[in-house]
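Descriptive structure summary
These are the residues of each chain, in order.
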Amino acid sequence: MSGGDFDFLDGRWTVRNRRLADFLDPDSGWEEFDGHTTGRLFWGGRAHADEIVFPSKGFSGLTLRLYEPETGEWTLNWSNSRTGRLDPPVRGRFGADGTGLFLGDDHYAGRPVRVRFRWTGIGPDTARWEQSFAPAGTEGTEEEWVVNWVMEFSRGERS
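Below or above, wherever it landed, is the structure these notes cover. Note that the structure is predicted; figures quoted are calculated from it, not measured. (Residues numbered from 1 in each chain as written. Predicted model: local features only at pLDDT ≥ 70, side-chain atom pairs only at ≥ 80, totals over all residues. Heavy atoms only, no water.)

1. A word on the overall build of the protein chain
What counts, and what does not: Helix and strand labels come from DSSP, where a helix needs a run of H or I of at least four residues and a strand needs a run of E of at least two; each type is numbered from the N terminus. Put simply, the radius of gyration uses C-alpha atoms, and a globule should come to 2.2 Å times the residue count raised to 0.38. Here a residue-residue contact requires only that any non-hydrogen atoms of the pair lie within 4.5 Å. Shrake-Rupley sampling with a 1.4 Å probe provides the accessible areas, and residues are treated as covered by the protein chains on show and by no other component. The sign given to each residue is positive for Lys and Arg and negative for Asp and Glu; His and the chain ends receive no count. To locate a charge, the coordinates of NZ of Lys, CZ of Arg, CG of Asp or CD of Glu are taken.
Looking only at helices and strands, the protein chain features zero helices and ten strands. Tracing the protein chain from N to C terminus, the helices and strands come up as β-β-β-β-β-β-β-β-β-β. By the compact-globule yardstick of 15 Å for 159 residues, the protein chain fits well, its C-alpha radius of gyration being 15 Å. Principal-axis analysis of the C-alpha atoms gives the protein chain an extent of 40 × 40 × 30 Å. By sequence separation, contacts in the protein chain at least 24 residues apart represent 40% of the contacts at least 6 residues apart. Total accessible area on the protein chain stands at roughly 8,400 Å², and carbon and sulfur atoms take up 50% of it. A gap of 4 Å separates the mean positions of the 19 positive and 26 negative side-chain charges of the protein chain.

See the structure below:
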């Protein structure tokens, strides 16, 4: 895959969210809520920006995705209306199977964490994004990752 990998995300989507109350505690309980997003491509598909709105949560987020031809990787950059700051980016690419895997470093509740975004199930009317955290300094084995936010994207009317 290459520049154009995020072409699927262009346009309007309805998003069903499922998120852990505490991003590092798999037993903290899940909350579910709806959102909607509108995305737009730039630079012939080598850049994508979108805004996602969470009406019941009272905030929204912006994502800027940039393809780097020299490395063949994307950086995914997130900010939300509550902080107004860019979080550290995650970096990665899509594999031959169509799964996108992006990794980075950040902090959560004052603790350093590894961050993983995974894009799967991509089709004309569906996509799935999941975020996971693992404690910084760990090997990042599958058992160490805590899936803490899942977004199921579908085409259709806003929630």
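Back to the text.
2. What about the packing of aromatic side chains?
Defined as follows: When the centres of two rings from Phe, Tyr and Trp lie within 6.5 Å, Trp using its six-membered ring, the rings pair. Their planes under 30 degrees apart give stacked, over 60 give edge-to-face, and anything left gives tilted. Throughout, exposure labels follow a simple rule: accessible area from a 1.4 Å probe, protein chains only, divided by the maximum for the residue type, with under 20% read as buried, over 50% as exposed, and the rest as partly exposed. In this analysis the charged atom, NZ for Lys or CZ for Arg, is taken to sit over a ring once it is within 6 Å of the ring centre and within 35 degrees of the ring normal.
Inspection of the entire model under this criterion finds 20 aromatic pairs. With centroids separated by 4.9 Å and ring planes inclined at 45°, the aromatic side chains of F54 and F59 adopt a geometry described as tilted. Judged by relative accessible area, which is 1%, F54 ranks as buried. Among the aromatic residues, those joined into a cluster by ring pairs are F6, F8, W13, Y67, W74, F94, F102, W119 and F153. Taking the ring centre of F33 as reference, the NZ or CZ of K57 above it sits at 5.1 Å. Over the ring of F59 we find R82, and its NZ or CZ is 3.7 Å from the ring centre.

3. Quick notes on the pattern of salt bridges
Put simply, the test is: The working definition used for a salt bridge is a side-chain nitrogen of Lys or Arg within 4 Å of a carboxyl oxygen of Asp or Glu.
What the rule picks out here adds up to eleven salt bridges. Here E31 and R19 are joined by a salt bridge, their closest N and O atoms 2.9 Å apart. Linking E31 in strand 2 (residues 30–42) with R19 in strand 1 (residues 11–20), this pair joins segments that are twelve residues apart in sequence. What makes E31 partly exposed here is its relative accessible area of 25%. Given a relative accessible area of 10%, R19 falls into the buried group. Notably, a salt bridge pairs E152 with R128, separated by 2.4 Å at the nearest N-O pair. With E152 in strand 10 (residues 146–154) and R128 in strand 9 (residues 126–135), the pair connects residues that are 24 residues apart, well separated along the chain. Several salt bridges share partner residues, and in doing so they unite R16, E32 and D34 into one network.

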